[in-house]
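# Geometric and topological summary
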Amino acid sequence: MFRKALLLLSIPFSFLYFVIIFIRNILYNFNILRKYKINAKVISVGNITWGGTGKTPVAAFIADMLAKKSRRVSILIRGYGNDESELLPKLTSNVPVLVGRDRVKRGKEAIENHLSDTILLDDGFQYVRLRRDLDIVCIDASKPFGNGWVIPTGSLREGLYALKRGDIFLITKADLVSNKDKLEKLEKKLIAINRRAVIAKAIHRPLHFYEIQNEEKINISELQNGELVLVSAIGSPECFEKTILRLGLKINKHFIFRDHYAYTKEDIVNIEDYCRKNKLDRVVTTEKDAVKLRGLTGAGEGVKYLVLKVRLEIIENEDGFYNRLFGIYNS
């Protein structure tokens, strides 16, 4: 009842937010607010909802793909929460990551200091101040548009009209949706909004686990016996659970924190106390969480912290995705 009342109270704020964003976009569309162009190809990887679509692994994946084609790529991030600034260098191969709110300025720095010919905006769909050559929108297959409301009532960062700006719709976590009709309805909805966009599907394929401190590789089969404790501060903790369960592993408890949460030593003490009381010795987390947990773990006797290593894999319309991606260099 309280939750419903809170939701109703938030509706006027959602309406105000929607109007502000709508007017801002109109001002940019009519060049009343200036859009900047820099001397490099600009690719945005973003989403239309608040967190949980897996856009940072997508940005890392694209950066590596372009680097293999001899493109000099730099990734620009805003830097809130600081998760991505630490995670991206681990997911990419020697790709510079520049942090700052002013991504026009950071883009120029990347060109000057790193001789970049391609600028990749991580979480850049709403950053319309910088002109781009390609907009890739990541859409979570399990909950594509939340409850359909913009924040704070829902999780949408803009109205669905904004999807008209997209060039590629990458439906992520497609394997975590068992109802194929749901995926087909999502595709039809995207086509109805923006017919010119390429639609592709991707999954985050689990590869193995590794120990958080020494990064020693551990095969999935080694965890078949016993139960695991999960720890995560991500946009879609339920998808993390589904992935673990699909591997045939057992979950005893999942410690869930809000997205971008900064862990404390007290959190670790509580997690390890739970493990000891329940005779559990393996805590599993995500790569995004590992960058924040690494400095806090290690003191707990008998408790091992493991990280799930995943790799983005495009499972449908790979050719269409790459043709549109690499096609920007032909214009």
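If you're wondering where the values come from, they're calculated on a predicted model, not measured in any experiment. For every chain, the first residue of the written sequence is number 1, and numbering continues from 1 onward in sequence order. For this predicted model, a pLDDT threshold of at least 70 governs which residues receive local features, and a threshold of 80 or more governs which side-chain atom pairs are given and counted, while totals over whole chains, interfaces and linings are taken from all residues. Each side-chain value is worked out from all heavy atoms of the structure, with water and hydrogens disregarded.

## Digging into the overall build of the chain
Just so we agree on the cut-off: Each helix corresponds to a stretch of at least 4 residues labelled H or I by DSSP, and each strand to a stretch of at least 2 residues labelled E; elements are numbered beginning at the N terminus. Exposure is judged per residue with a 1.4 Å probe applied to protein chains only, and the accessible area is read against the type maximum: over 50% gives exposed, under 20% gives buried, and values in between give partly exposed. Residue contacts follow a heavy-atom distance rule, with two residues in contact if any of their heavy atoms lie within 4.5 Å. Using the Shrake-Rupley algorithm and a 1.4 Å probe, accessible areas are obtained, with residue cover drawn only from the displayed protein chains. In this tally Asp and Glu are treated as negative and Lys and Arg as positive; neither His nor the chain ends contributes. To locate a charge, take atom NZ for lysine, CZ for arginine, CG for aspartate or CD for glutamate.
Broken down by element type, the chain carries nine helices and 12 strands. In terms of principal-axis extent, the alpha carbons of the chain reach across some 60 × 55 × 35 Å. Counting the 331 residues in the chain, one finds 51% classified as buried. The contacts of the chain with a sequence gap of at least 6 include a subset with a gap of at least 24, amounting to 75%. Carbon and sulfur atoms form 53% of the exposed surface of the chain, whose accessible area is close to 16400 Å². On the chain, the mean spot of the 54 positive side-chain charges and the mean spot of the 39 negative ones are 6 Å from each other.

## Describing unusual backbone geometry
The peptide bond linking Ile 151 to Pro 152 adopts the cis configuration, its omega dihedral lying at 10°. Tracing the backbone through its elements, the reader meets Pro 152 in the loop between β5 (134-140) and β6 (168-172). Not every positive phi belongs to a glycine, and Lys 173 is a case in point at roughly 60°. Checked against the element boundaries, Lys 173 lands in the loop between β6 and α5 (180-193). Although it is not a glycine, Asn 317 sits at a positive phi angle of roughly 60°.

## Considerations on a nonpolar patch on the surface
Rule in force here: Note on patches: the residues involved have over 30% relative accessible area and no salt bridge, like charges join within 9 Å, and the nonpolar side chains Val, Leu, Ile, Met, Phe, Trp and Tyr join within 5 Å. By definition, a salt bridge exists where a carboxyl oxygen of Asp or Glu is found within 4 Å of a side-chain nitrogen of Lys or Arg.
A contiguous nonpolar surface patch, about 780 Å² in accessible area, is contributed by Phe 15, Phe 18, Val 19, Phe 22, Ile 23, Ile 26, Phe 30 and Ile 32. Within the secondary structure, Ile 32 is located in the loop between α1 (2-29) and β1 (41-47).

## Considerations on the environment of Cys 275
Along the chain, Cys 275 falls in helix α7 (residues 265-277). Since its relative accessible area comes to 0%, Cys 275 is described here as buried. For Cys 275 and Asn 147, which are 128 residues apart along the polypeptide, the C-alpha to C-alpha distance reads 36 Å. The residues touching Cys 275, leaving out its near neighbours within four places in the chain, are Val 229, Leu 280, Val 283 and Val 303.

## Some details on the pattern of salt bridges
Counted under the stated rule, the structure contains 19 salt bridges. Residues Arg 205 and Glu 313 are paired through a salt bridge, measuring 2.6 Å at the closest nitrogen-oxygen approach. Of the two residues, Arg 205 is situated in strand β7 (residues 198-211) and Glu 313 in strand β12 (residues 304-316); the sequence distance between them amounts to 108 residues. A relative accessible area of 22% means that Glu 313 is categorised as partly exposed. Lys 304 serves as the salt-bridge partner of Glu 211, at 3.6 Å between the closest nitrogen and oxygen. A residue pair is termed long-range when its members are at least 10 positions apart, and Glu 211 in strand β7 and Lys 304 in strand β12 qualify at 93 residues. Take Glu 211: its relative accessible area is 15%, and that puts it in the buried class.

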